[in-house]
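# Descriptive analysis of the structure
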Amino acid sequence: MPTAIIRRIAICLVIAAPAVVLRITGVELAPVLELLAFGAAIVAAAFLLAWAAEAAQKDISGALAIALLALIAVLPEYAVDLYYAFRSGSDPDYLHFAAANMTGSNRLLLGFGWPLVVIIALLVARRMAKRTKAPIQHSLRIDSGSRMDIGFLVILGVIAFAIPLLGSIPIWFGSALVLIFVAYLWRAGQAAGDDEEEFVGAAALIVAMPQKARRVTVVTMFVVSAAIILLSAEPFAEALVASGSALGIDSYFLVQWLAPLASEAPEFIIAAMFALRGMGGAAIGTLIASKVNQWSLLVGSLPIAHFAGGGGLGLPLDGRQIEEFTLTATQTILGVAIILALRFHWAPALGLAALFGLQFFVTDTSGRYILSAIQAVLAIVVLILHRRDILPTLAAPFRRPQPGDVTADPAEAADPERESTVTMSADPNSAGTRA
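The shown structure was predicted, so the numbers you read here are calculated from the model rather than taken from an experiment. (Residues numbered from 1 in each chain as written. Predicted model: local features only at pLDDT ≥ 70, side-chain atom pairs only at ≥ 80, totals over all residues. Heavy atoms only, no water.)

## Some words on the environment of A41
For clarity, the threshold we go by: Helix and strand labels come from DSSP, where a helix needs a run of H or I of at least four residues and a strand needs a run of E of at least two; each type is numbered from the N terminus. In what follows, residue pairs with any heavy atoms lying within 4.5 Å of each other are defined as contacts.
Within the fold, A41 resides in helix α2 (residues 31-56). Sequence separation between A41 and F236 is 195 residues, and the spatial gap between their C-alpha atoms is 9.3 Å. In contact with A41, not counting residues within four places along its chain, are A16, A19, I228 and S232.

Shown next, in the form of structure tokens:
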């Protein structure tokens, strides 16, 4: 095993060691200290998990690898969120935390992660354009293979509006979302191609190892990181709530934003690394797949975990949760409307980031609903502008891929005048590349 990867793994294990010792020995510290210890362990384990998942693409290629990578990368978030949902089955005080982590991480992913990747990719493209005297690119081209992911996200985004209308997440509704996720994985497997993957950072070091050593390393990293996450999820979740009271900070705020920052940091860093390497299309593709996972498997699992913890046949939502789901659903529809044409311009990217930042200053219920209405109106306007792409996108999850159909796209073929715009990319050679 290369010394460089040994050093990185060792750093992660050293960071996680205090939390493992605390958990095994049963020693209790002040809530804030436990929050730091177990939070650091989850971040360290998330890095190990992300490196292993990315390297695993060497043996699992194509769109299925993108879907699995996105799923594995958010496992730390699942562990924390499902703990709250499970605990809420026997303790009503945890009900309002059950979906807080999900709505926070969902909006963080789209409002911060997507714009971050686009801006980095376009800055890299601008630097390359100045060096080569080529035209400056103003939008990031999204691989046409991502149209299937976007199609699933459109469907899930529309279905998500049923949650605030119902005022709960019934277990039948959650089961349906889980089935949609299974269908998504199945379709991703059908669409898997034979393109050679590109790797960066720690994953590249693992991939360079001999096959047997690589597979043993990847499996070991999966097992170790999963063990650390399972050991740390419960005390971290409890420490979040207790730290809010100890510090005089709203516990809901900590659950909604601090936990997602810890669990999604590795995913953002990996996506940013792809964008810095000129692989912006691959980076945004992974983040889109993560959104599909969150709206299908994660949301669908919440009422199931609630029932398993002793609750009823549905996860009830209070007024704040309904407000949060409304805001999250409208943001999702706006996001997919922007990328419907398979290009991501820098201006909408900054707009998404601005709307995301604005929500931290708009804290009252009426203001949140007004912000949701603004996002919905903007989404309708953008959908009208991209109306030619609506039907091809909605059909993509159900359209069986044909041989040689990796980069072909019905919307592009129907509108050849779009070619000069669509091919604007931070990576002119990235068409058809999946990370």
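## Looking at the side chain of N106
Filter applied, for reference: The buried label goes to any residue with under 20% of its type's maximum accessible area, the exposed label to any with over 50%, and the partly exposed label to all in between, with areas taken from a 1.4 Å probe on protein chains only.
Structurally, N106 can be placed in helix α5 (residues 100-132). Here N106 falls in the buried class, since its relative accessible area comes to 0%. Leaving out residues up to four positions away in the same chain, N106 has contacts with K291, Q294, W295, T328, Q331 and T332.

## Things to note about the pattern of salt bridges
Side-chain pairs of opposite charge can arise where the charged atoms are in close proximity. Formally: A side-chain nitrogen of Lys or Arg and a carboxyl oxygen of Asp or Glu constitute a salt bridge if their distance falls within 4 Å.
Under the counting rule described, the total for this entry stands at eight salt bridges. In this structure, E234 and R23 form a salt bridge, with 3.4 Å as the shortest nitrogen-oxygen distance. Here R23 lies in helix α1 (residues 3-25) and E234 lies in helix α10 (residues 211-247), a separation of 211 residues in the sequence. Each member of the salt-bridge network shares a partner with another, and the members are R107, E323, E324 and R368.

## Digging into the packing of aromatic side chains
As a reminder, the rule being used: For this analysis, a ring pair means two rings from Phe, Tyr or Trp (six-membered ring only for Trp) whose centres lie within 6.5 Å, classed as stacked if their planes differ by under 30 degrees, edge-to-face if by over 60, and tilted for the remaining angles.
Taken as a whole and assessed by the stated rule, the structure comprises 13 aromatic pairs. Ring centres of F47 and W51 lie 5.9 Å apart, and the angle between their planes is 50°; this geometry places the pair in the tilted category. Here F47 pairs with W51, and both are found in helix α2, just four residues apart, close to one helical turn. What makes F47 buried here is its relative accessible area of 18%. For W51, a relative accessible area of 12% translates into the label buried. Measuring from ring centre to ring centre gives 6.2 Å for W114 and F344, while their planes differ by 85°; the resulting arrangement is edge-to-face. Pair noted here: W114 is in helix α5 and F344 is in strand β4 (residues 343-345), with a separation of 230 residues, a long-range link. A relative accessible area of 0% places W114 in the buried class. Every member of this aromatic cluster is reached through a ring pair, and the members are Y83, Y84, Y94 and F97.

## Some thoughts on a nonpolar patch on the surface
To keep it simple, the criterion reads: Residues forming no salt bridge and having over 30% relative accessible area are the ones grouped into patches, like charges within 9 Å of each other and nonpolar side chains (Val, Leu, Ile, Met, Phe, Trp, Tyr) within 5 Å. For the accessible areas, the method is Shrake-Rupley and the probe is 1.4 Å, while residue cover comes only from the protein chains on display.
Taken together, L247, I249, F253, L358, F360 and F361 make up a surface patch of nonpolar side chains, about 600 Å² in accessible area. When you line up the elements, F361 lands in the loop between α14 (346-358) and α15 (365-385).

## Quick look at the nonpolar core
As a reminder, the rule being used: The term nonpolar core refers to a set of buried residues drawn from Ala, Val, Leu, Ile, Met, Phe, Trp, Tyr and Cys, joined through side-chain atoms within 4.5 Å.
Counting 76 residues, the largest nonpolar core has W114, I169, W295 and F344 as its most contacted members. Looking at this core, the element that brings in the most residues is helix α12 (residues 280-308), giving 13 residues. If we skip the residues at most four places from it in the chain, I169 touches I163, V299, L302, P303, G314, L315, L317 and F325. C12, L22, M209 and F236 belong to the second-largest nonpolar core, a separate cluster that totals 46 residues.

## Some details on the layout of surface pockets
This is how the line gets drawn: The way it works is a 1 Å grid over only the protein atoms, where trapped points that fit a 1.4 Å probe form a cavity and open points with protein on both sides within 12 Å along at least five of seven lines form a pocket, and then any residue with an atom within 4 Å of a point lines it. Grid points are joined across faces, edges and corners, and a volume is the space filled by probe spheres set on the points. Gly is placed with the polar residues, together with every amino acid not listed as nonpolar (Ala, Val, Leu, Ile, Met, Phe, Trp, Tyr, Cys and Pro) or charged (Asp, Glu, Lys and Arg).
One number sums up the size of the second largest pocket: a volume of about 260 Å³. Along its surface, the second largest pocket is lined by 14 residues, and R23, E28, E34, F38 and P235 are the ones closest to its centre. When contributions to the lining of the second largest pocket are tallied by element, the ones reaching two or more residues are α1, α2 and α10. Considering every element that reaches the lining of the second largest pocket, the biggest residue donor is α10, with five residues. For the lining of the second largest pocket, the class distribution of residues is eight nonpolar, one polar and five charged.

## Quick word on the packing of α5 against α12
Quick reminder of the rule: Angles here are taken between N-to-C directions and fall from 0 to 180 degrees, while the axes themselves are lines fitted to C-alpha atoms, restricted in helices to the stretch in contact. In this scheme, roughly parallel covers angles under 35 degrees and roughly antiparallel covers those over 145, while 65 to 115 is roughly perpendicular and the rest are oblique.
In contact at an axis separation of 9 Å, α5 and α12 are set at 170° when each is read in the N-to-C sense. The angle between α5 and α12 falls in the class roughly antiparallel. Residues M102, S105, N106, L109, L110, G113, W114, V117 and A121 of α5 form the contact with α12, whose own contacting residues are G280, A283, I284, L287, I288, S290, K291, Q294, W295, L298 and V299. Along the lines of polarity and charge, the residues of the contact of α5 with α12 split into 13 nonpolar, six polar and one charged.

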